Amino acid sequence: MSTENEGNEGTAVPAAPSVPPVPAAAPAGMPASTEGAGADRAPHTNGATQTIEPAAAAVQEPGHSPQPEPTTAPLPGPVPAAAPTGGWPQGADWPPPPPPPALPSYGSGSYGGGSHGSGDSGGGPVWGAPAQVSEPPRKRSGGLVAAVLVAALVAGGVGGGIGYWAAEHNDDGIDSTTVSAADTPKDFKREPGTVAAVAAKALPSVVTIEAKASGADVGESGETEGGTGTGFVYDKEGHILTNNHVVASAADGGTLSATFSNGKKYDAEVIGRAQGYDVAVLKLKNAPSGLNPLALGNSEQVAVGDSTIAIGAPFGLSNTVTTGIISAKNRPVASGDGSSGKNSYMSALQTDASINPGNSGGPLLDARGAVIGINSAIQSAGSGLGQTQAGSIGLGFAIPINQAKNVAVQLIKTGKPVYPVIGATVDMSGKNSGAKIATQGTGGTPAVSPNGPAAKAGLKAGDVITQFNGKPVESGPTLISEIWNHKPGDKVTLTYERDGKEHTAEVVLGKRTGDS
């Protein structure tokens with residue numbers, strides 16, 4: 001598990017198939033040709049490729065061969081044996097008008113200024129231009145069906161057939177078959193609740209944070225150490241809520257800045273930070289008026305499958321919006337930056353919304369636009385392929401906003417975090433077997449603090465805690481994550497095993513101030 005340290009798809013349009021003129025009937029034995037759509041490969045934004053395979057469309061074309069010149073010109077229409085008594089009706093045309101001319105070939109002529117040869121040596125008329133009929137028209141109902149079918153395949157569905165009809169019957173001589181949306185409003189507004197509407201409202205309250213260490217902390221490359229992360233407006237006084245690991249490098253004498261989506265940049269300072277919770281509060285220097293804090297939701301009411309929207313600056317790409325769902329709740333996560341040796345613990349909301357380095361500290365929103373979590377960590381499959389930073393694999397984790405809000409209130413009030421504790425040192429190495437109370441505490445101190453909450457409840461070194469308020473406890477990080485979802489003074493129920501027997505105890509949580 002790792003925390004972020006704060007870092008076109010194109011599709012090729014297949015060429016229109018070449019379609020020869022449609023004769024009245026296909027000569028016997030004439031072979032038919034088919035053309036199928038190929039597969040295009042489009043690059044993903046992460047450098048991978050995917051194959052896009054449109055459904056293959058096979059068009060069987062009628063045969064084509066020269067027709068012999070008739071010895072006598074046929075009448076343009078059927079001739080009745082005799083005119084009806086009293087003559088033809090008033091206004092009726094005789095002979096009837098001939099059917100429309102055959103669809104001209106655009107396989108051997110020019111189309112849009114380009115040459116589309118199909119093996120024919122002669123040049124055909126341009127698409128949409130009047131066809132030159134060299135012989136008397138014949139009955140061509142079958143040819144019309146074929147022409148409309150081809151148009152539909154090229155233009156995509158029913159619109160193709162309509163386009164063909166318009167090209168043949170446009171009295172104004174306009175050749176275009178383009179169809180435009182009617183009465184398109186100048187200001188297209190998104191419906192409330194859509195991702196676009198939620199993002200438009202939230203983006204002005206999200207900032208990209210740039211942290212730079214003090215001049216004394218310079219890396220081997222000669223560049224000042226720092227990183228980029230995300231935060232969001234917490235209140236109208238200019239407080240910004242983010243992750244501790246986003247600002248840690250600049251917390252002692254470094255510089256911090258927050259840039260809004262409109263490009264305006266403000267200097268900021270750390271008000272307080274909690275390493276164990278991975279939460280920090282900044283305050284803008286010379287904060288502008290009219291700040292709009294993001295509404296805070298209730299992370300306890302979130303359900304698996306709920307829609308999520310994440311906003312951040314992945315790999316420095318500010319104001320990036322991604323979507324997903326809540327994949328799981330109460331996921332015990334121990335995250336660290338890999339350098340300090342200190343971990344943060346959370347009973348996290350898991351989401352498949354794309355979260356990458358640079359998203360840390362940004363809001364995880366519900367479908368209403370309320371903040372339900374702070375994006376903090378991702379599960380990595382390893383760098384691989386020469387990458388220096390791992391990207392999203394659909395396993396992102398956010399601090400529940402209920403917990404983050406409690407921490408933020410304390411940091412704004414005192415500048416220091418307050419942690420609920422049970423007064424016992426837990427073995428953090430065990431997995432899938434509960435949380436075992438260690439035999440000895442840090443620096444040789446007792447594993448169970450004398451007169452602490454655990455001691456008062458009767459717990460001893462070696463006891464294995466298996467449940468917390470009825471929820472299974474699989475490991476030490478699981479237990480801490482559950483404890484830190486509460487406040488000092490809360491009463492909780494612990495189930496533990498001792499000498500193969502199960503016991504239950506009620507514990508009133510104590511408190512610890514500051515990061516040790």
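These numbers come from a predicted model, not from an experiment.

Parameters and conventions
Residues numbered from 1 in each chain as written. Predicted model: local features only at pLDDT ≥ 70, side-chain atom pairs only at ≥ 80, totals over all residues. Heavy atoms only, no water. Helix = DSSP H or I, 4+ residues; strand = E, 2+ residues; numbered from the N terminus. Buried < 20%, exposed > 50% of the residue type's maximum accessible area, 1.4 Å probe, protein only. Areas by Shrake-Rupley, 256 points an atom, 1.4 Å probe, with all protein chains shown as cover. Phe/Tyr/Trp six-rings, centres within 6.5 Å; stacked < 30°, edge-to-face > 60°. pLDDT = per-residue confidence, 0-100. Contact = heavy atoms within 4.5 Å. Salt bridge = Lys/Arg side-chain N within 4 Å of Asp/Glu carboxyl O.

The helix and strand inventory of the protein chain stands at seven helices and 24 strands. Buried residues in the protein chain amount to 35% of all 516 residues. Put simply, the protein chain shows about 28,500 Å² of open surface, and 52% of that area lies on carbon and sulfur atoms.

Let us now look at the packing of aromatic side chains. In the structure shown here, the tally under the stated rule is five aromatic pairs. Measuring from centroid to centroid gives 5.7 Å for Phe260 and Tyr266, while their planes differ by 90°, and the two rings are edge-to-face. A residue is classified by how much of its surface remains accessible, and Tyr266, at 17% relative accessible area, is buried. Taking 4.5 Å as the distance between ring centres and 15° as the angle between the ring planes, the aromatic pair formed by Tyr277 and Tyr419 counts as stacked. Of this pair, Tyr277 sits in the loop between strand E10 (265-274) and strand E11 (279-284) while Tyr419 sits in strand E18 (residues 418-421); the two residues are 142 residues apart in sequence, bridging distant segments of the chain.

Moving on, we come to the confidence of the model for the protein chain. Across the protein chain, the average pLDDT comes to 73, with 58% of residues at or above 70. Across residues 103-134 the pLDDT falls below 50, and counting only partners more than four positions away or on other chains, this stretch makes 43 contacts in the model. Here residues 139-171 scores under 50 on pLDDT; set against residues more than four positions off or in separate chains, the count is 34 contacts.

This part covers the pattern of salt bridges. With the rule as written, the count across this model stands at four salt bridges. Glu210 is the salt-bridge partner of Lys212, the closest N and O atoms lying 3.8 Å from each other. Given the relative accessible area of 40%, Lys212 is considered partly exposed. The partly exposed category is assigned to Glu210, whose relative accessible area is 31%. One salt bridge connects Asp366 with Arg368, and the closest N-O pair in it is separated by 2.9 Å. Judged by relative accessible area, Arg368 falls into the exposed class, the value being 66%. Each member of the salt-bridge network shares a partner with another, and the members are Glu210, Lys212 and Lys265.

On to the environment of Gly290, then. Tracing the backbone shows Gly290 in the loop between E11 and strand E12 (307-312). By relative accessible area, Gly290 is classed as exposed at 66%. Spatially, the C-alpha atoms of Gly290 and Glu237 are 9.6 Å apart, while their sequence positions differ by 53 residues.

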